[in-house]
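Structure assessment
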Amino acid sequence: MFFPNSMYSYIIRDPQLDINGICDKIEIVNGNYYPVNIKSSNPPLKGVWDGDAVELVANALLIEEKFDTEVFVGFVEYIKLGDRRPVVMDVSLRKSLFKVLNEIKEITINKKVPKVEINQKKCENCEYEAICINNER
């Protein structure tokens, strides 16, 4: 199928996991759901960035719950290069998501402030640069 049925900017929530998000795109082919994240950044040489993969698996879990299905693969589209890369939703990736969710709970519930890793290239484009870097000093 050249143009699969798709849903764009689909808002989805899972109260059990207490997460919500907006799936950039969900493609439906032969009853299978495929989350697609669209990124304007440059891709790594191979695969996808770790953060992109974790975001994609979060979308996959939301889709699984909402549509009572299983998601085995998703895609990250790096639009600068017109490159679409597959991501397998394996156990390791799913564990990475739950690790991130636990870290977020530590921050929000236990007020544990994480150590900031300063990266000048990323920091200069971040809206929180002034707050974040001032807290590190």
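This section reports on the structure supplied with the text. (Residues numbered from 1 in each chain as written. Predicted model: local features only at pLDDT ≥ 70, side-chain atom pairs only at ≥ 80, totals over all residues. Heavy atoms only, no water.)

Where strand β1 (residues 5–14) and strand β2 (residues 19–29) come together, nine bridges link them in antiparallel fashion. Residue Y10 lies in a different strand from β2, and its bridge partner there is C23. Turn length for the β1-β2 hairpin, with the two strands adjacent in sequence and antiparallel, is four residues, and the turn residue D18 shows positive phi of about 60 degrees. (Pairing = 2+ DSSP bridges. Helix = DSSP H or I, 4+ residues; strand = E, 2+ residues; numbered from the N terminus.)

Taken as a whole, this structure holds nine salt bridges when the rule is applied. A salt bridge links D52 to K39; the nearest nitrogen and oxygen atoms lie 3.9 Å apart. Placement of D52 in helix α1 (residues 50–67) and of K39 in strand β3 (residues 32–39) is noted, with a sequence separation of 13 residues between them. Summarising the burial analysis for this pair, D52 and K39 share the class buried. The shortest N-O distance in the salt bridge between K99 and E103 comes to 3.9 Å. Pair noted here: K99 and E103 are both in helix α2 (residues 91–108), with a separation of four residues, about one helical turn. What makes K99 exposed here is its relative accessible area of 55%. Here the residues in one salt-bridge network are K25, E27, E77 and R84, joined through shared partners. (Salt bridge = Lys/Arg side-chain N within 4 Å of Asp/Glu carboxyl O. Buried < 20%, exposed > 50% of the residue type's maximum accessible area, 1.4 Å probe, protein only.)

Taken in spatial order, the five strands make up an open sheet running β1-β2-β3-β4-β5, and their pairing is mixed. Strands at the two margins of the open sheet, each flanked by one partner only, are β1 and β5 (83–88). Ignoring strand direction, the axes of neighbouring strands in this sheet form an average angle of 35 degrees. In the sheet, β2 pairs with β3 via five bridges, with the strands oriented antiparallel. Opposite I26, over in β3, you have P35 as the bridge partner. Each of β1, β2, β3, β4 (73–78) and β5 touches α1; the most contacted strand, β3, lies at about 145 degrees to it. (Axes fitted to C-alpha atoms, helices over the stretch in contact; angles between N-to-C directions. Contact = heavy atoms within 4.5 Å.)

Here the focus is the pairing of β3. Where burial is concerned, most of β3 is hidden: six out of the eight residues are buried. Connecting β2 to the next strand, β3, in antiparallel fashion are two residues, including N30 with a positive phi near 50 degrees. Relative to β4, β3 runs parallel, the two sharing four bridges. The residue bridging N37 from the neighbouring strand is V76, located in β4. On the question of chirality, the crossover connecting β3 to the parallel β4 by way of α1 is right-handed. (Right-handed = clockwise from strand over helix to strand, strands pointing away.)

This next bit is on the packing of aromatic side chains. For any pair of aromatic rings, geometry is given as the distance between the ring centres together with the angle between the planes. Per the stated rule, a full pass over the model turns up three aromatic pairs. On the numbers, 5.8 Å between centres and 40 degrees between planes, the contact of Y10 with F67 is tilted. Of this pair, Y10 sits in strand β1 while F67 sits in helix α1, placing them 57 residues apart in sequence. The class of Y10 is partly exposed, set by a relative accessible area of 22%. Measuring from ring centre to ring centre gives 6.2 Å for Y34 and F75, while their planes differ by 50 degrees; the resulting arrangement is tilted. Pair noted here: Y34 is in strand β3 and F75 is in strand β4, with a separation of 41 residues, a long-range link. Accessibility assignment for this pair places Y34 and F75 in one class, buried. Through successive ring pairs, a cluster of aromatic residues spans Y10, Y33 and F67. Directly above the aromatic system of F75 lies the positively charged group of R84, at a separation of 4.3 Å from the ring centroid. (Phe/Tyr/Trp six-rings, centres within 6.5 Å; stacked < 30°, edge-to-face > 60°. Lys NZ or Arg CZ within 6 Å of the ring centre and 35° of its normal.)

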